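Take a look at the letters that make up each chain.
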Number of protein chains: 2
Amino acid sequence: MIRIDEARIHDVIRQRGPASVALNGPDGMLPQVQAAASGVTREFGIPAYVLADTTWGSCDTNQAGAEALGAGVLFNIGHTIGMRELGGGYVVMVDAFDDIGFGRVAAECAKMLSGRTVSLLTDSQHLPQVGAVRDALEAGGVRVVVGAGGGQLNDAQVFGCEFYPAAKAAADGAEANVFMGQSSFHAAGVALSTGLPTYALDPYFGEVRDVTGLAQKMQRRAAAAIYAAADARTFGLIVGLKEGQLSRVTALRLRRELEAEGREVQLLAMSSITADRLESLTGIDAFVQVACPRISTDNPFRRPVLSVPQADALLRVMRGGEPGEFLRAPHWL
Amino acid sequence: MIRIDEARIHDVIRQRGPASVALNGPDGMLPQVQAAASGVTREFGIPAYVLADTTWGSCDTNQAGAEALGAGVLFNIGHTIGMRELGGGYVVMVDAFDDIGFGRVAAECAKMLSGRTVSLLTDSQHLPQVGAVRDALEAGGVRVVVGAGGGQLNDAQVFGCEFYPAAKAAADGAEANVFMGQSSFHAAGVALSTGLPTYALDPYFGEVRDVTGLAQKMQRRAAAAIYAAADARTFGLIVGLKEGQLSRVTALRLRRELEAEGREVQLLAMSSITADRLESLTGIDAFVQVACPRISTDNPFRRPVLSVPQADALLRVMRGGEPGEFLRAPHWL
């Protein structure tokens, strides 16, 4: 069960005394966020707005939405990061931890990987259980490396686009990744960023899932999109309008480099980059988006939509080279 | 063919000398907006971003998106309003007129409605042709009333939510509405706001379309949603996060009134209110949204999603009354 750190929310409200607040969290956690909002109104008698737009991470807190509402604080729930506040303290990052146990899947995993050296990783929701799973794996004869935090990440933690602990553990001799959690999205990212075999410990289905094949499929799709874009005459270069995805400098750098290769570039900007929204745009052979790398690796589009690492690989291909290991990086930006 | 007033765009750029600009327009006009953006870069050598998020009207210009990009001016295309600038001059409203002729459909309409008194109305794209269609109808024996502008609207103009000229013409004795344009969306709104038989002159299909039945169906669906919401225990009250849809005062008024009727109210906020986004929200029996009335009248939802006029009708029903002619109003806010 997901448990939101409501004590922290209430402490901040007591300290700051806002006239109203806003709360948001990942889609799957919205019922708990609604309950936390009701709790705030019950406890403090102030309006507590649930921001029901997506929040995909600390890059996408919807601070502008909370400010437009006049909320005194925005509580962004479920995206644990090293820094506990963003936006000069306006956005308070609140932990939401899942208390489901890994006992059975950890024991099964230990049997599979006994004698090997693995990197233990997880997403925000299972961080408090890294120690217990480490112990269980080691008790079963697995050597466990816990990669140190880096960027926005705590030790052992990964995001969809950021994998520093995975890179560090790989450098320290890990031969495989063990990702704690149900999210194939995160586990496949870990596999792609390290190039190592990767297993997800799914505590809900009670199974150890090898995601290496899924990652390889994503890698091949990402490479295919690069080659499909190589002959494009006109590129749409999309800047994301979410506060942490607004990489204008990268966009203008890629525009310059694509123009130097003789291509036309049209500048675009949008909040949510979906296949549906791109349909209305005509006269464009391929897109490059600088908003979020996972948009490109995880969604089907009719025309190629490249992320920044793919676009850099494309430029290498245009110049007669190889795309290279373009996703083998600790941060896909 | 849609013709954007590019001369105005270039004049404003010459006067203000921005380092970059942003442009947006309705989805159906995006190819022309893209061409206008390319024209700006060709003429002035500055970045011109096409904002490819939806812009449904002058309530939804995405000024925040343009500002986030650092654009010096936002050109919002295709939403002609009485005021030619918004946001303290930051948003420049640019006309986009469709030059397709109404000759044949106007003649056909004149035959159908000869001897009657009609209100002539249209959306932003066909405003320059009101005079010609008026002449054609009058030549065919139709009495034509052109309702005076009001609110944001020019003479004869309507939006999806605002219908002052229609109301004025009805008060001046119009027995039916004649809407110039293909948009059943606008024509049905005109029918609902006036309660008069309404005909759309579709210059593309070359037909006169009676939209009165469509409007009646929408009216019945809107009434059904009100009655379906009457037994709801818990309401989700949604504030829209688009700059012209942020009616917090109305939201808090409706919350107070619903609570006075013994209902629980959860405050929500979001940018785009879609059936899909609402699915993640649990423990809510019905929604009220204060963002845009057309969201409620034009989309299917699993749970009732009431607009402001519907919510006010609901309160009348809760208090033992009738819903009343809740859409018979010149502005649905």
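Structure: see above.
Note that this is a predicted model, so its numbers are computed, not measured. (Residues numbered from 1 in each chain as written. Chains lettered and ligands numbered in written order. Predicted model: local features only at pLDDT ≥ 70, side-chain atom pairs only at ≥ 80, totals over all residues. Heavy atoms only, no water.)

Quick word on the pairing of strand 3 (residues 48-51) of chain A
Residue and element names in this part refer to chain A. This is how the line gets drawn: Think of it in three bands: residues with accessible area under 20% of the maximum for their type are buried, residues over 50% are exposed, and the middle band is partly exposed, with areas taken using a 1.4 Å probe on protein chains only. Helix and strand assignments follow DSSP, with helices taken as H or I runs no shorter than four residues and strands as E runs no shorter than two, numbered in order from the N terminus. Only when DSSP finds a minimum of two bridges between them are two strands counted as paired. With the strands pointing away from the viewer, any crossover whose connection runs clockwise from the first strand over the helix to the second is right-handed.
Burial of strand 3 is two-sided: the residues Ala48 and Val50 facing one way and the residues Tyr49 and Leu51 facing the other way are all buried. Alignment of strand 2 (residues 21-24) against strand 3, held across 3 bridges, turns out to be parallel. Paired with valine 21 across the bridge in strand 3 is alanine 48. Following the chain from strand 2 across helix 2 (residues 30-44) to the adjacent parallel strand 3, one finds a crossover that is right-handed.

Describing the sheet that holds strand 12 (residues 207-210) of chain B
Strands belonging to one sheet form pairs held by backbone hydrogen bonds; the direction of such a pair is parallel or antiparallel. All names here are of chain B. Test applied: Axis definition: a line fitted to C-alpha atoms, limited for helices to the stretch in contact. Angles are taken between N-to-C directions and run from 0 to 180 degrees. Between two residues, a contact is recorded if the distance between any of their heavy atoms is within 4.5 Å.
Strand order in this open sheet of 5 strands is 9-8-10-11-12, and the pairing throughout is mixed. Taken across any chain shown, the strands that pair with only one partner, and hence form the sheet edges, are strand 9 (143-145) and strand 12. The mean angle between the axes of side-by-side strands here comes to 30°, regardless of whether they run parallel or antiparallel. Across 3 bridges, the pairing between strand 8 (residues 117-122) and strand 9 is parallel. Residue pairing in the sheet places valine 118 in a bridge with valine 144 of strand 9. The sheet strands contacting helix 4 (residues 103-113) are strand 8, strand 10 (176-180), strand 11 (198-202) and strand 12, and the helix crosses strand 11 at an angle near 155°.

Some details on the nonpolar core
Stated formally: What makes a nonpolar core is a set of buried Ala, Val, Leu, Ile, Met, Phe, Trp, Tyr and Cys residues whose side-chain atoms join them at distances within 4.5 Å.
Ranked by size, the top nonpolar core spans 59 residues in total, and within it Phe235, Leu237, Leu254, Leu258, Val288 and Leu314 of chain A together with Leu51 of chain B carry the most contacts. Ranked by size, the runner-up nonpolar core spans 58 residues in total, among them Tyr90 of chain A together with Leu241, Val317 and Leu327 of chain B.

Focus: the sheet that holds strand 11 (residues 198-202) of chain A
Residues and elements named next belong to chain A. Sheet architecture is open: 5 strands sit in the order 9-8-10-11-12, paired in mixed fashion. Whereas interior strands pair on both sides, the edge strands pair on one side only; in this sheet they are strand 9 (143-145) and strand 12 (207-210). Mean inter-strand twist for the sheet, computed between neighbouring axes without regard to direction, equals 30°. Bridging between strand 11 and strand 12 involves 4 bridges; their strand directions are antiparallel. Of the residues in strand 12, the one forming a bridge with leucine 201 is valine 208.

Quick look at the pattern of salt bridges
What counts here: The term salt bridge refers to a side-chain nitrogen of Lys or Arg lying within 4 Å of a carboxyl oxygen of Asp or Glu.
Evaluated as defined, the whole model comprises 32 salt bridges over all chains. Linking aspartate 298 of chain A and arginine 294 of chain A is a salt bridge whose minimum nitrogen-to-oxygen distance equals 2.8 Å. Pair noted here: aspartate 298 of chain A and arginine 294 of chain A are both in helix 11 (residues 293-298), with a separation of 4 residues, about one helical turn. A salt bridge links arginine 302 of chain B to glutamate 279 of chain B; the shortest N-O distance between them is 3.6 Å. Here arginine 302 of chain B is found in the loop between helix 11 (293-298) and strand 16 (305-306), whereas its partner glutamate 279 of chain B is found in the loop between helix 10 (275-278) and strand 15 (286-289), with 23 residues between them in sequence. For arginine 302 of chain B, a relative accessible area of 73% corresponds to the exposed category. Several salt bridges share partner residues, and in doing so they unite Arg253, Glu257, Glu261, Asp312 and Arg319 of chain A into one network.

Here's the deal with the environment of alanine 275 of chain B
All names here are of chain B. One can find alanine 275 in helix 10. A C-alpha to C-alpha distance of 32 Å links alanine 275 and leucine 201, two positions 74 residues apart in sequence. Contact partners of alanine 275, with chain neighbours within four places excluded, come to Pro300 and Phe301.

Notes on the packing of helix 9 (residues 248-260) of chain B against helix 12 (residues 308-318) of chain B
Any two packed helices are characterised by the angle at which their axes cross and by the distance between the axes. All names here are of chain B. Stated formally: Here is the rule for angles: anything less than 35 degrees is roughly parallel, anything more than 145 is roughly antiparallel, 65 through 115 is roughly perpendicular, and the remaining ranges are oblique. Note on convention: near helix rotated counterclockwise from far helix by under a right angle means a left-handed crossing. Clockwise means right-handed. The classification used treats Ala, Val, Leu, Ile, Met, Phe, Trp, Tyr, Cys and Pro as nonpolar, Asp, Glu, Lys and Arg as charged, and all other residues, Gly among them, as polar.
Close contact between helix 9 and helix 12 brings their axes to 11 Å; oriented N to C, the two are set at 15°. When the axis of helix 9 is compared with that of helix 12, the two are roughly parallel. The chirality of how helix 9 crosses helix 12 is left-handed. Where helix 9 approaches helix 12, its residues Thr250, Arg253, Leu254, Glu257 and Leu258 are matched on the opposing element by Val308, Ala311, Asp312, Leu314, Leu315 and Met318. Residue classes in the contact of helix 9 with helix 12 are distributed as 7 nonpolar, 1 polar and 3 charged.

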